[in-house]
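# Structural characterization, general
Given next are the chains, with one letter for each unit.
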Amino acid sequence: MLDLKALHENTRIDHKSHPFQLFENRFRQMKAGECILYLHWHKHFELIMMRKGSVLFHIDSKPYAAEAGELIVIPGGALHVGYAAQEGDVEYDSVVVNPALFHDFMHDQVHIEYVAPYLEGE
């Protein structure tokens, strides 16, 4: 049985005034099946933009293939891991976003028109 507490990542977010963090991930000469993102979860949601290579991510046990130019969205709290899908270089950027980014703008017109409906599932 997985120890989910042990797999929790306390993601570094450097500036409280900007509740997101960019991570550049570069892996050289990977073999198919090699891990490029260790198994973990965090409370923040994450956007992964593939720059180079081909990857198989597992998000809450569901497989998602991604290639250069594609975007993967990982919900907050989702257990996720990634593996190189073929030999070669793998490059991706990830933006980890604290949900507080969406809660501090309740009186902002853009938030009211676009973000709030999204958060409410509309």
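Everything below is about the structure printed above this text.
We now turn to the structure provided with this report. Since this is a predicted model, take the numbers as computed values, not measurements. Residue numbering note: each chain is counted from 1, following its sequence as written. At least 70 in pLDDT is required for a residue's local features to be given in this predicted model, at least 80 for side-chain atom pairs to be given and counted, and no such filter applies to totals for whole chains, interfaces and linings, which use all residues. Each side-chain value is derived from all of the structure's non-hydrogen atoms; neither hydrogens nor water enter the calculation.

Although it is not a glycine, aspartate 60 sits at a positive phi angle of roughly 50°. Summary of the burial criterion: residues with accessible area below 20% of their type's maximum are buried, those above 50% are exposed, and those between are partly exposed, where the area comes from a 1.4 Å probe applied to protein chains only. Residue class for aspartate 60 comes out partly exposed when judged on its relative accessible area of 46%. Phi angles above zero are rare outside glycine, and serine 61 is one such case at about 70°. Tracing the backbone through its elements, the reader meets serine 61 in the loop between β4 (54–59) and β5 (62–67). Overall, the relative accessible area of 72% leaves serine 61 in the exposed class. Numbering of helices and strands starts at the N terminus; helices are DSSP runs of H or I of at least 4 residues and strands are runs of E of at least 2.

On to a nonpolar patch on the surface, then. Patch members must show over 30% relative accessible area and no salt bridge, and they are joined within 9 Å when carrying like charges or within 5 Å when they are nonpolar side chains of Val, Leu, Ile, Met, Phe, Trp or Tyr. The Shrake-Rupley method, run with a 1.4 Å probe sphere, supplies the accessible areas, and residue values consider only the shown protein chains as cover. We define a salt bridge as a contact between a side-chain nitrogen of Lys or Arg and a carboxyl oxygen of Asp or Glu at a distance within 4 Å. A cluster of nonpolar side chains, contributed by Leu2, Leu4 and Leu39, occupies part of the molecular surface with about 260 Å² of accessible area. One can find leucine 39 in strand β2 (residues 35–40).

This next bit is on the side chain of histidine 80. Assignment of secondary structure puts histidine 80 in strand β7 (residues 80–84). In terms of polar contacts, histidine 80 uses its side chain to reach the side chain of histidine 42, at 3.4 Å. A contact between two residues is defined here by any heavy atoms of the two lying within 4.5 Å. Non-local contacts of histidine 80, meaning those with residues more than four positions away in its chain, are made with Leu37, Tyr38, Leu39, His40, Trp41, His42, Glu46, His58, Ile59 and Ile74. Pairs of N or O atoms are called polar contacts if they sit within 3.5 Å, as long as, within protein, a hydrogen donor faces a hydrogen acceptor (for residues adjacent in sequence, only side-chain-to-side-chain pairs).

Another aspect to go through is the packing of aromatic side chains. Stacked, tilted and edge-to-face are the three classes applied to pairs of Phe, Tyr and Trp rings, where Trp contributes its six-membered ring and a pair requires centres within 6.5 Å; stacked means planes under 30 degrees apart, edge-to-face means over 60, and tilted covers the rest. Considering all chains together, one arrives at two aromatic pairs under this definition. Ring geometry for phenylalanine 27 against tyrosine 92: centres 6.3 Å apart, planes inclined by 25°, an arrangement best described as stacked. Of the two residues, phenylalanine 27 sits in strand β1 (residues 20–30) while tyrosine 92 sits in strand β8 (residues 88–97), which places them 65 residues apart along the sequence. Phenylalanine 27 gets classed as partly exposed once you look at its relative accessible area, which sits at 22%. In this structure tyrosine 92 comes out as buried when scored by relative accessible area, which is 1%. An angle of 85° between the planes, with centres 6.2 Å apart, marks the rings of phenylalanine 57 and tyrosine 92 as edge-to-face. Within this pair, whereas phenylalanine 57 is found in strand β4, its partner tyrosine 92 is found in strand β8, the two being separated by 35 residues in sequence. Across this residue pair, the class does not change: phenylalanine 57 and tyrosine 92 are buried. An aromatic cluster of at least three residues, connected via ring pairs, comprises Phe27, Phe57 and Tyr92.

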